[in-house]
Amino acid sequence: AGVLLFIGGLSGLINLLNPLGMVLSVYNIIFAGLILTSELKALPVFKTLNKRVDLYFHILSVPRGKAGFYVFIGILAFLGTHDWSISRICIL
């Protein structure tokens, strides 16, 4: 989910005619990094980052908090723009 959200965010940055879409794409890239860090905590690369995520975003360590975060990202992706973009398709 995080990789697809990251790809969708990168594709949204290319569209220079939609400034709101570009801002939402930046948020999608940041949120994708948080998802990847919280989900792949067993890998050595993400182990040190996961300590910081646990410290500052402790809600992502709890299953209910993670579910709420995913719902927030889904709502942000679907209601943020009115056109069908790769970001929306990746969220599906």
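Parameters and conventions
- Residues numbered from 1 in each chain as written.
- Predicted model: local features only at pLDDT ≥ 70, side-chain atom pairs only at ≥ 80, totals over all residues.
- Heavy atoms only, no water.
- Helix = DSSP H or I, 4+ residues; strand = E, 2+ residues; numbered from the N terminus.
- Salt bridge = Lys/Arg side-chain N within 4 Å of Asp/Glu carboxyl O.
- Phe/Tyr/Trp six-rings, centres within 6.5 Å; stacked < 30°, edge-to-face > 60°.
- Buried < 20%, exposed > 50% of the residue type's maximum accessible area, 1.4 Å probe, protein only.
- Contact = heavy atoms within 4.5 Å.
- Axes fitted to C-alpha atoms, helices over the stretch in contact; angles between N-to-C directions.
- Parallel < 35°, antiparallel > 145°, perpendicular 65-115°, else oblique.
- Left-handed = near helix turned anticlockwise from the far one by under 90°.
- Nonpolar A, V, L, I, M, F, W, Y, C, P; charged D, E, K, R; others polar.

Here Leu40 lies in the loop between helix 2 (19-39) and helix 3 (44-56). Here the alpha-carbon distance between Leu40 and Asn50, two residues 10 residues apart in the chain, equals 8.5 Å.

According to the stated counting rule, one finds 1 salt bridge in the structure shown. Between Lys66 and Glu39 there is a salt bridge, and its shortest N-O distance comes to 3.4 Å. Of the two residues, Lys66 sits in helix 4 (residues 63-80) while Glu39 sits in helix 2, which places them 27 residues apart along the sequence.

Each aromatic ring pair is characterised by the separation of its centres together with the angle its planes make. Counted according to the given criterion, the structure contains 3 aromatic pairs. Here Phe31 and Phe69 contribute two aromatic rings whose centre-to-centre distance is 5.4 Å and whose plane-to-plane angle is 85 degrees, an arrangement assigned as edge-to-face. One end of the pair, Phe31, is in helix 2; the other, Phe69, is in helix 4, with 38 residues separating them in the sequence. By relative accessible area, Phe31 is classed as buried at 14%. Residue class for Phe69 comes out buried when judged on its relative accessible area of 13%.

Bringing the environment of Ser38 into the picture now. Tracing the backbone through its elements, the reader meets Ser38 in helix 2. Separated by 19 residues in the primary sequence, Ser38 and Phe57 have C-alpha atoms spaced 9.6 Å apart. Discounting chain neighbours no more than four positions away, the residues touching Ser38 are Asn50, Leu60 and Lys66.

Before going further, it helps to examine the packing of helix 1 (residues 2-14) against helix 2. Between helix 1 and helix 2, the least distance of the axes is 8 Å, while the angle of their chain directions is 160 degrees. On the basis of their axis angle, the class for helix 1 and helix 2 is roughly antiparallel. The hand of the helix 1/helix 2 crossing is left-handed. Residue-level inspection shows Gly2, Val3, Leu5, Phe6, Gly8, Gly9, Leu10, Gly12 and Leu13 of helix 1 in contact with helix 2, the latter providing Gly21, Met22, Ser25, Val26, Asn28, Ile29, Phe31, Ala32, Ile35 and Leu36. Taken together, the residues of the contact of helix 1 with helix 2 sort by class into 12 nonpolar, 7 polar and no charged.

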